[in-house]
Number of protein chains: 2
Amino acid sequence: MHDKPPLGYHYLWDIHNCQEQTILKVDNVTMLLDEICTTYSLTVLKKSSNQFAPHGATAIYLLAESHLSIHTWPENNYVALDLFSCVPLKTVEELESLFRKHLGNGIKIKEQYIERR
Amino acid sequence: MHDKPPLGYHYLWDIHNCQEQTILKVDNVTMLLDEICTTYSLTVLKKSSNQFAPHGATAIYLLAESHLSIHTWPENNYVALDLFSCVPLKTVEELESLFRKHLGNGIKIKEQYIERR
């Protein structure tokens with residue numbers, strides 16, 4: 001039992017069956033991050049990204065609320081996405097449709113949520 | 001049961017009783033990140049950090065291996081540190097002494113480890 005709210009709300013998504021051609025390119029995954037930030041009114045202070053060779057991408061956004069990160073493994077059709085926020089998401093329902101829009105309609109999403117305190 | 005190794009090795013540390021004056025300043029916490037990267041031969045590709053007002057700091061390193069992030073709550077003497085790596089740490093024993101050196105000898109460390117797959 002905790003008598004105080006957590007300091008950080010950490011959402012971890014492991015997403016499978018992503019479209020390989022989409023998650024190959026860092027520009028595609030930053031479009032997903034941008035839309036998450038817009039949808040959830042997250043304030044982006046700094047963006048950092050890298051296109052790996054021969055494949056894979058990383059993008060990390062430093063937020064006023066903490067951070068948002070994505071790493072892709074195109075050869076495994078897999079994406080690891082994390083949101084660490086000092087405020088909880090009111091709803092995660094819109095996220096699934098955002099994920100499907102940007103990563104493919106056939107994705108499988110595993111979500112974990114960890115209270116950081 | 002999994003027949004394949006994880007794609008990501010994610011270490012989450014919640015550290016309490018940190019020295020407030022130390023974790024106020026982003027330059028102090030980046031020194032910790034720098035030393036972690038040196039000690040564990042992690043390849044830093046991009047550094048991103050922010051000093052919050054009135055207090056608090058965030059630093060995120062984009063690594064060849066994935067990412068390393070830190071967020072501080074000086075008013076709570078609390079730090080949240082994450083290492084997401086595509087290779088496992090051979091040992092985490094040096095980390096405790098690094099944490100004590102940079103955050104104070106009286107810290108309390110809670111570690112979680114999540115296989116990302």
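Asker: Explain the overall build of chain A to me, please; I cannot follow it from the model alone.
Answerer: Each helix and strand counted, chain A has three helices and six strands in total. Secondary structure of chain A in N-to-C order comes out as β-α-α-β-β-β-β-α-β. Relative to the compact-globule value of 13 Å for 117 residues, chain A shows a C-alpha radius of gyration of 14 Å, a close match. Counting only C-alpha atoms, chain A reaches 45 × 30 × 20 Å along its principal axes. Counting every position in chain A, which comprises 117 residues, the buried fraction comes to 53%. Partitioning the contacts of chain A with sequence separation of at least 6, the portion at a separation of at least 24 is 64%. Of the roughly 5500 Å² of accessible surface on chain A, 50% is carried by carbon and sulfur atoms. Side chains of chain A give 11 positive and 14 negative charges; the mean places of these two sets differ by 3 Å.

Asker: I would appreciate a short explanation of the environment of Y11 of chain A in the present structure.
Answerer: Residues and elements named next belong to chain A. Relative to the assigned elements, Y11 resides in strand 1 (residues 8-16). Taking relative accessible area as the criterion, Y11 reaches 6% and is therefore assigned buried. Residues Y11 and L89, 78 residues apart in the sequence, show an inter-C-alpha distance of 9.2 Å. At a separation of 2.9 Å, a polar atom in the side chain of Y11 contacts the main-chain amide nitrogen of L89.

Asker: Would you take a moment to explain the interface of chain B and chain A for this structure?
Answerer: One frequent convention defines the size of an interface as the accessible area lost when the parts assemble. The interface is formed by 36 residues belonging to chain B together with 36 residues belonging to chain A. Note on chain B versus chain A: buried area summed over both sides is about 2700 Å², and carbon and sulfur give 61% of it. If you look at where chain B meets chain A, you find four salt bridges. Its salt-bridge partner being R116 of chain B, residue D14 of chain A comes within 2.8 Å of it at the nearest N-O pair. For the pair chain B and chain A, the interface holds 13 residue pairs in polar contact (both at pLDDT 80 or more). For the side of chain B that touches chain A, the per-class residue count stands at 17 nonpolar, 13 polar and six charged.

Asker: Which parts of the structure should I look at to understand the environment of E65 of chain B?
Answerer: Residue and element names in this part refer to chain B. Mapping E65 onto the fold places it in the loop between strand 3 (57-63) and strand 4 (66-73). Its relative accessible area of 12% is what places E65 among the buried residues. Between the alpha carbons of E65 and E93 there is a distance of 20 Å; along the sequence they are 28 residues apart. For E65, the residues in contact, after removing those within four places along its chain, are S41, L42, T43, F84, S85, C86 and V87. A distance of 3.0 Å separates the side chain of E65 from the backbone nitrogen of T43, its partner in a polar contact.

Conventions we followed
- Residues numbered from 1 in each chain as written.
- Chains lettered and ligands numbered in written order.
- Predicted model: local features only at pLDDT ≥ 70, side-chain atom pairs only at ≥ 80, totals over all residues.
- Heavy atoms only, no water.
- Helix = DSSP H or I, 4+ residues; strand = E, 2+ residues; numbered from the N terminus.
- Rg over C-alpha atoms; globule rule 2.2 N^0.38 Å.
- Buried < 20%, exposed > 50% of the residue type's maximum accessible area, 1.4 Å probe, protein only.
- Contact = heavy atoms within 4.5 Å.
- Areas by Shrake-Rupley, 256 points an atom, 1.4 Å probe, with all protein chains shown as cover.
- Lys, Arg positive; Asp, Glu negative; His and termini not counted.
- Charge placed at Lys NZ, Arg CZ, Asp CG, Glu CD.
- Polar contact = N/O pair within 3.5 Å; in protein donor to acceptor, adjacent residues only side chain to side chain.
- Buried area = accessible area lost by both parts, 1.4 Å probe.
- Salt bridge = Lys/Arg side-chain N within 4 Å of Asp/Glu carboxyl O.
- Nonpolar A, V, L, I, M, F, W, Y, C, P; charged D, E, K, R; others polar.

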